[in-house]
Amino acid sequence: AGSALAAAHPCVGSSSKPGVVVLNLAAPDELARLPGIGPKRAEAIVALRERLGGRFRRLQDLMRVRGIGHRSFKKLAPHLVLDPAPTEPKPEPR
């Protein structure tokens, strides 16, 4: 199911570190693979992201989701990045 999404959005789930989820792009099925996150909490994360204008500004915003407190966040943080790693910009010719 995630492969069609990954094909449409190559950045989804990809980052510079393997096993890290891009919080601002991840689909509910990717979020549900995180420790302590099931399908309902994954949907709540996506709903909060939409309420925040389509993106989280910082990882700590995740604690606004019901059921994610400091302890849960500490377990999740190593598995998350806000945005995909930037690609190397090409130097402009002068």
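Just above sits the structure.
Residues numbered from 1 in each chain as written. Predicted model: local features only at pLDDT ≥ 70, side-chain atom pairs only at ≥ 80, totals over all residues. Heavy atoms only, no water.

## Here's the deal with the nonpolar core
1) Next: In terms of nonpolar packing, the biggest core is built from 20 residues, with L23, L31, I45, F56, L62, I68 and L80 touching the most fellow members.
2) Next: Of all the secondary-structure elements, those providing two or more residues to this core are α3 (39-51) and α4 (70-76).
3) Next: Ranked by residue count, the leading element in this core is α3, at four residues. (Core = buried A, V, L, I, M, F, W, Y, C linked by side-chain atoms within 4.5 Å. Buried < 20%, exposed > 50% of the residue type's maximum accessible area, 1.4 Å probe, protein only. Helix = DSSP H or I, 4+ residues; strand = E, 2+ residues; numbered from the N terminus.)

## Considerations on the environment of I45
1) Next: The topology assignment puts I45 in helix α3.
2) Next: Residue I45 is classed as buried on the basis of its relative accessible area, which comes to 2%.
3) Next: Not counting the four nearest positions on each side in its chain, I45 is found in contact with L23, L31, I37, F56, L62, V65 and I68. (Contact = heavy atoms within 4.5 Å.)

## A closer look at the environment of A85
1) Next: Examined against the element boundaries, A85 turns out to sit in the segment after β2 (80-81).
2) Next: Here the alpha-carbon distance between A85 and V22, two residues 63 residues apart in the chain, equals 9.1 Å.

Read these as spatial facts, not as claims about activity.
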